[in-house]
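A look at the structure
As a plain string of letters, each chain reads:
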Amino acid sequence: MPKMTVRDLDVRGRRVLVRVDYNVPMEDGRITDDSRIRATLPTIEYLQEQRARVVLCTHFGRPNGKVDEDARLAPIAQRLARLVTRTGVVYIRECIGPHAAATVSALPPGGVALLENVRFEPGEEKNDPEFARALASLADVYVNDAFGTAHRAHASTVGVADHVPAVAGLLMERELEMLGMVLDAPKRPLAAVLGGAKVSGKIAVLGNLLDKADLIIIGGGMAATFFKAMGHSVGDSLIEEERVAYAADVLARAGAGSVDLALPEDVVVAREFKADSESRVVAVDRIPDGWRVMDIGPRTVAAFRERLASCGTVVWNGPMGVFEFSEFSNGTRGVAETLAGLDGAVTVVGGGSTSEAVLSLGLADRMTHVSTGGGASLEFLEGHELPGVAALRDREEGAASNP
Ligand code: ADP
Ligand code: MG
């Protein structure tokens, strides 16, 4: 781990600003999944043990720099108060200013406060230096535990680090370690399973992993563009004409032996993009006119399972089919169950939809790591340094200088 973490600083008695990602799914003011809140508890509890004063901040929704009553954090503060067991949670209805500062100063050691939605402030998404300074003035130390927002260069993810020592939280640390291991030091063979709707969304990941992985498995809607490149007719499948040449290039590289590539043998096709559409299983070179690819077929699931059985590390990004429709979720479930059953392999799941699928199947506990960062995990796997991570102190740089 090249970045300093909260364990590397003396935080006793200090005011610690912790950027979390509590952008949780909500329906009618009720939180439908609090896993993002739970995922930050190790950092909060660690800070409480250290008798730090914990000041949490997050965005929620898209209020676009204005106060939006529907995007207030009251329900999140309530849920947090149930999960944080050592003390109550003080909900501050603003995120900067004299009232916030006074409330933070009055926190006892081990106390926890939650600031109001940072995106109520116009300076947040612009990474305005004045707003960043005001936010940072509430704290002696900054901890970033918001991996899911680390791909955004905002005031609360990047700007604050100009004013106070900035280190990673424990969730951030785990995300960077697990995803970093896939790219830099995987237990081999390393397999990448890629899916999702479109090739264009996955080109950068594919490009980065083509050089690193021993095996690339492609499913999902993006496979249709590869079928086209192979000369098959794809019926009404969603394909990207302008990516056919790219797919052909990847196929050529695989043919020349520079990477092992596995594509579907059979697919589930449907007449319409509908949950209850008529459907059937066909070989990939037998996709009928007027039908479209919706999922990988059963022979493909078995073949993928066999290929993955001998892998040391598997990273998975992108569902194998339109898993939101149960009729077309078998491929995604098959791959999820395969990964869950791999004994001794490291299994890492990234991507918003893919993590959601694994969670809803109840298989998250059986993966080595399910990333909490959708877009952030994708950008990480593309090989980009995330701005929210770049802003944190490097180990050597910070080693001698405690705040
Ligand atoms: P992630 O969020 O995990 O990175 P993506 O956003 O790339 O994944 O892709 C997820 C979407 O891809 C899902 O909504 C799923 O329905 C869609 N998808 C997968 N296979 C197909 C397909 N054959 N046709 C159309 N959409 C598909
Ligand atoms: Mg997605």
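The structure this text deals with has already been given above.
Here's what I pulled together on the structure shown here.

Parameters at a glance
- Residues numbered from 1 in each chain as written.
- Chains lettered and ligands numbered in written order.
- Predicted model: local features only at pLDDT ≥ 70, side-chain atom pairs only at ≥ 80, totals over all residues.
- Heavy atoms only, no water.
- Pairing = 2+ DSSP bridges.
- Helix = DSSP H or I, 4+ residues; strand = E, 2+ residues; numbered from the N terminus.
- Axes fitted to C-alpha atoms, helices over the stretch in contact; angles between N-to-C directions.
- Near = heavy atom within 4 Å.
- Polar contact = N/O pair within 3.5 Å; in protein donor to acceptor, adjacent residues only side chain to side chain.
- Areas by Shrake-Rupley, 256 points an atom, 1.4 Å probe, with all protein chains shown as cover.
- Phe/Tyr/Trp six-rings, centres within 6.5 Å; stacked < 30°, edge-to-face > 60°.
- Lys NZ or Arg CZ within 6 Å of the ring centre and 35° of its normal.
- Contact = heavy atoms within 4.5 Å.
- Buried < 20%, exposed > 50% of the residue type's maximum accessible area, 1.4 Å probe, protein only.
- Core = buried A, V, L, I, M, F, W, Y, C linked by side-chain atoms within 4.5 Å.
- Expected span 1.5 Å × (residues − 1).
- Salt bridge = Lys/Arg side-chain N within 4 Å of Asp/Glu carboxyl O.

Taken in spatial order, the 6 strands make up an open sheet running β5-β6-β4-β1-β7-β8, and their pairing is parallel. The open sheet has two free edges, formed respectively by β5 (89-91) and β8 (166-168), since each of these has just one partner strand. Mean inter-strand twist for the sheet, computed between neighbouring axes without regard to direction, equals 25 degrees.

For the bond from Arg-188 to Pro-189, the omega torsion is 0 degrees, close enough to zero to count as cis. By the secondary structure assignment, Pro-189 is in the loop between α7 (170-184) and β9 (190-194). Positioned with a positive phi, Asp-28 is a non-glycine residue whose angle comes to about 50 degrees. Summarising the element assignment, Asp-28 is placed in the loop between β2 (26-27) and β3 (30-31). With a phi angle near 60 degrees, Arg-51 is a residue other than glycine that sits in the positive phi range.

Taken together, 18 residues lie near ligand 1, and Ala-197, Lys-202, Glu-324, Ser-353 and Thr-354 sit nearest. Between Ala-197 and ligand 1, the recorded distance is 3.1 Å, taken from a backbone N or O atom to an oxygen atom. Glu-324 is positioned with one of its side-chain polar atoms (N or O) 2.5 Å from an oxygen atom of ligand 1. Relative to its unbound accessible surface of 580 Å², ligand 1 loses 81% to contact with the protein. Of all the secondary structure elements, the ones that give two or more residues to the shell around ligand 1 are β14 (292-296) and α13 (352-360).

With that settled, consider the packing of aromatic side chains. Throughout the structure, instances matching the rule amount to 1 aromatic pair. In this arrangement the basic side chain of Arg-280 is found over the ring face of Trp-291, its NZ or CZ atom lying 4.4 Å from the centre.

Next up on the list: the sheet that holds strand β17 (residues 369-370). Spatial strand order, β11-β10-β9-β15-β16-β17: 6 strands in an open sheet with parallel pairing. Looking at strand neighbours, the two that pair on one side only are β11 (260-262) and β17, the edges of this open sheet. Contacting β9, β10 (215-218), β11 and β15 (313-317), helix α11 (residues 298-308) crosses the sheet at an angle of about 160 degrees to β10.

Here Ser-156 lies in the loop between β7 (141-144) and β8. Relative accessible area serves as the criterion here: at 0%, Ser-156 is assigned to the buried category. Within the local environment of Ser-156, its side chain forms a polar contact with the side chain of Glu-124, the two groups lying 2.6 Å apart. Ser-156 has contacts with Arg-19, Cys-57, Val-118, Glu-124, Leu-135 and Tyr-142, leaving out every residue within four places of it along the chain.

Next up on the list: the nonpolar core. Of all hydrophobic cores here, the largest spans 73 residues; its most connected members are Leu-17, Leu-115, Ile-216, Ile-218, Phe-226 and Phe-227. Tallying contributions element by element places α7 first for this core, with 7 residues. With residues near it in sequence (within four places) discarded, Ile-216 still touches Ala-192, Leu-194, Leu-206, Leu-209, Leu-210, Val-259, Asp-260, Leu-261 and Ala-262. Membership of the second largest hydrophobic core comes to 34 residues, among which are Val-24, Leu-114, Val-141 and Val-167.

Counted at 1.5 Å a residue, the expected span for helix α12 (residues 330-341) with its 12 residues is 16 Å, and the 16 Å between its end C-alpha atoms agrees. Listed in full, the buried residues belonging to α12 are Gly-331, Thr-332, Gly-334, Val-335, Ala-336, Thr-338, Leu-339 and Ala-340. Among the structural elements, β9, β14, α11, β15, β16 (346-350) and α13 are those in contact with the buried residues of α12.

Once that is clear, we can look at the pairing of β10. A two-sided burial pattern is seen for β10, the buried positions comprising Leu-215 and Ile-217 on one face and Ile-216 and Ile-218 on the other. Sheet topology note: the β9/β10 ladder contains 4 bridges and is parallel. Counterpart to Ala-192 in the pairing with β10 is Ile-216. As defined by bridge partners, β10 adjoins β11 across 3 bridges and the pair is classed as parallel. What sits directly across from Ile-217, in β11, is Ala-262.

This part is about the pattern of salt bridges. Taken as a whole and judged by the stated rule, the model has 22 salt bridges. Put simply, Asp-394 and Lys-3 hold a salt bridge, and the shortest N to O gap is 2.7 Å. Of this pair, Asp-394 sits in the loop between α15 (387-390) and α16 (395-399) while Lys-3 sits in the segment before β1 (15-19), and the two are 391 residues apart along the sequence. Salt-bridge contacts for Arg-86 lead to Glu-49; the nearest nitrogen and oxygen are separated by 3.3 Å.

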